[in-house]
Amino acid sequence: MNIPLRAYWRLLLTYLKPQRTRVGLLAALLLGSIGLQLGSPQVVRYFIDTASAGGAVRALLLAAALYILMALGQRVVAYFAFYLGENTGWIATNALRSDLTRHCLRLDMPFHKQRTPGELIERIDGDVSVLATFFSRLVINVLGNTLLVLGILVVLFVTNPLAGLALAGYTVVTIASLGVFGRAAVARWAGSRAASADSYGFIEERLGGTEDIRGNGGEAYVLRRLDALLRVLVRKRRDAEMASNLTFMLTKFLFALGYAVGLGVGAYLYTHGQISIGTAYLIVFYIGMVGTPLDTIREHTQDLRQATASIQRVEELRAIAPEVRETPRTTLPAGALAVEFRAVTFGYEEGDSALRAVSLRLEPGQVLGLLGRTGSGKTTLSRLLFRLYDPSAGAIALGGVDPRDVALADLRQQVGMVTQEVQLFQASIRDNLTFFDAHIPDARIERILRELGLDDWYSALPAGLDTPLAAGGQGLSAGQAQLLAFARVFLRDPGLVILDEASSRLDPATEHLLERAMDRLLAERTAIVIAHRLRTVRRADAIAILEDGALVEYGPREQLARDPASRFSALLRTGLEEALV
């Protein structure tokens, strides 16, 4: 797996630049720690040589006190460096999580249809968590420990060229060995992360469909599939761990070899009278000491292998560009919007035609009843208006403006949609209605709830708008959930409202309550009502009937109802619900 070096630096600069003061302090602490580590053995050498020569006790005591202070200072510096590094890493990874989440929310519907929520959770949280060390201490520690090794080499060369040469050869062999064996683990860690994402996606989907799985006796099948995925995950994780452990064992062997080299060189030089006993100790200590920074480099190299796999997956996710692009050149007019389709064709897949040359026009303030069998293209038409997709051919105009020339935020402020599936979040009533927009006053929210007939329900809430809702709106009836969805649209006050079978799952009594709210919602707004029930399209000014993606009938509702040859008239005679299922 070859990732350009600029990908590492781009990621580091993007998320560490806002913390440059903290990163600078962390670098200073690490350099201070290096200086203390290099200085402590010099104090010990002085102590040994002074004691061997029968030096003054006062000098020995001062050397001992200095050594203790330097050791304590090094621990204190290391503690604060660790704390600062962890803090830096969490700030950077949280910022990356936010950016990835924002990026995924901006991607098109095909992207989300091809990936499960569980897979995206693993990408956004799991892969980014692996990068915590990469952001916090990896680069600085690798550079810092590299400087420490270079510092040890310089000190030993100054002390004795032969000792310095021996340590240099040992260091080169160790680093080369780590590089050769370490590269084998990178691809294995990438495979491990991919297998983890697959298992998360599978578990998330099956937990979401627990009722259907149990109702159809699919538990055994699910467990077999999960067992197969977990076996793949175990195998790939084991391969990655084995590759990393092989590097670990090699490093420990090389460290033992380093001590042997140090003892041999120190003994040789001391027995030949070239160095003092204190200097012999210094050589052995420094050669043994070089093992710690090399071990740290090895650990961070392993972190880098895992980070490399995660960085690749993160970069792949960031490289996915939405097909629906924003090129804002104008804004939509205020008030009810005219809607026009000009020979619009669209397909979800290559060669597919969910809509075929659809042309229609809806004047401002009119209501269109959109009818057709399941799969005829009704929902597809609404998705194009909302710019979840763009037409393959033809054009759409809202208020005389091409939606592709309008910022998505402006478009979706002016186009409201209520579907049969109402998504409610584990948050307060206020946040569920405003989508976490703190600028909407409570008085306006309460007024809309009263207008929609939710007075009694709202009055019974223990904490008013601060009352928390359970995830998925548990505890609410289907009618209450739909009325809350209507309240969301009221708060945005759009010029075009799309009701995508909003009452198809409600009983007649609850639907009657919803009808009153619908009358309020559609007043002075253009609307497209996708419906299966007769009473829902009675308020429509025009009727459009789709069949296999083509517009087979379009015209004023009353005129079509009076025409015995029209399809709409036939639907009225045969019963709308039965004919459109």
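Residues numbered from 1 in each chain as written. Predicted model: local features only at pLDDT ≥ 70, side-chain atom pairs only at ≥ 80, totals over all residues. Heavy atoms only, no water.

(A) The arrangement of a nonpolar patch on the surface in detail. A grouping of Leu 31, Leu 147 and Leu 150 is seen on the molecular surface, where their side chains present a nonpolar patch of about 280 Å² in accessible area. Inspection of the secondary structure puts Leu 147 in helix α6 (residues 132-159). The class of Leu 147 is partly exposed, set by a relative accessible area of 44%. (Patch = residues over 30% accessible without salt bridge, like charges linked within 9 Å, V, L, I, M, F, W, Y side chains within 5 Å. Areas by Shrake-Rupley, 256 points an atom, 1.4 Å probe, with all protein chains shown as cover. Salt bridge = Lys/Arg side-chain N within 4 Å of Asp/Glu carboxyl O. Helix = DSSP H or I, 4+ residues; strand = E, 2+ residues; numbered from the N terminus. Buried < 20%, exposed > 50% of the residue type's maximum accessible area, 1.4 Å probe, protein only.)

(B) Empty space enclosed by the protein, seen in detail. Counted by the stated rule, this structure contains 2 cavities of 30 Å³ or more. Contributing to the lining of the second largest cavity are Leu 384, Arg 387, Asp 390, Pro 391, Ile 396, Asp 402, Pro 403 and Arg 404. The residue makeup of the lining of the second largest cavity, split by class, is 4 nonpolar, no polar and 4 charged. (1 Å grid on protein atoms, 1.4 Å probe; cavity = no way out; pocket = protein on both sides within 12 Å on 5 of 7 lines; lining within 4 Å. Points joined across faces, edges and corners; volume = space filled by probe spheres on them. Nonpolar A, V, L, I, M, F, W, Y, C, P; charged D, E, K, R; others polar.)

(C) How the structure looks around the packing of helix α2 (residues 20-52) against helix α3 (residues 57-106). The geometry of α2 relative to α3 is characterised by a closest axis approach of 8 Å and an angle of 160 degrees between their N-to-C directions. Comparing the axis directions of α2 and α3 gives the class roughly antiparallel. For the pair α2 and α3, the sense of crossing is left-handed. Of the residues belonging to the contact of α2 with α3, the class tally is 23 nonpolar, 10 polar and 1 charged. (Axes fitted to C-alpha atoms, helices over the stretch in contact; angles between N-to-C directions. Parallel < 35°, antiparallel > 145°, perpendicular 65-115°, else oblique. Left-handed = near helix turned anticlockwise from the far one by under 90°.)

(D) Quick peek at the sheet that holds strand β4 (residues 393-398). Read from one edge of the open sheet, 3 strands run β2-β1-β4, paired in antiparallel fashion. Two strands lie at the open edges of the sheet, namely β2 (355-362) and β4, each paired on one side alone. Across this sheet, the average inter-strand angle for adjacent strands is 10 degrees, counted without regard to direction. Here 5 bridges tie strand β1 (residues 339-346) to β2, and the two strands are oriented antiparallel to one another. The residue of β2 that forms the bridge with Glu 340 is Arg 361. Against the sheet, helix α12 (residues 378-385) makes contact with β1, β2 and β4, and its axis sits at roughly 115 degrees relative to β1, the strand it touches most. (Pairing = 2+ DSSP bridges. Contact = heavy atoms within 4.5 Å.)

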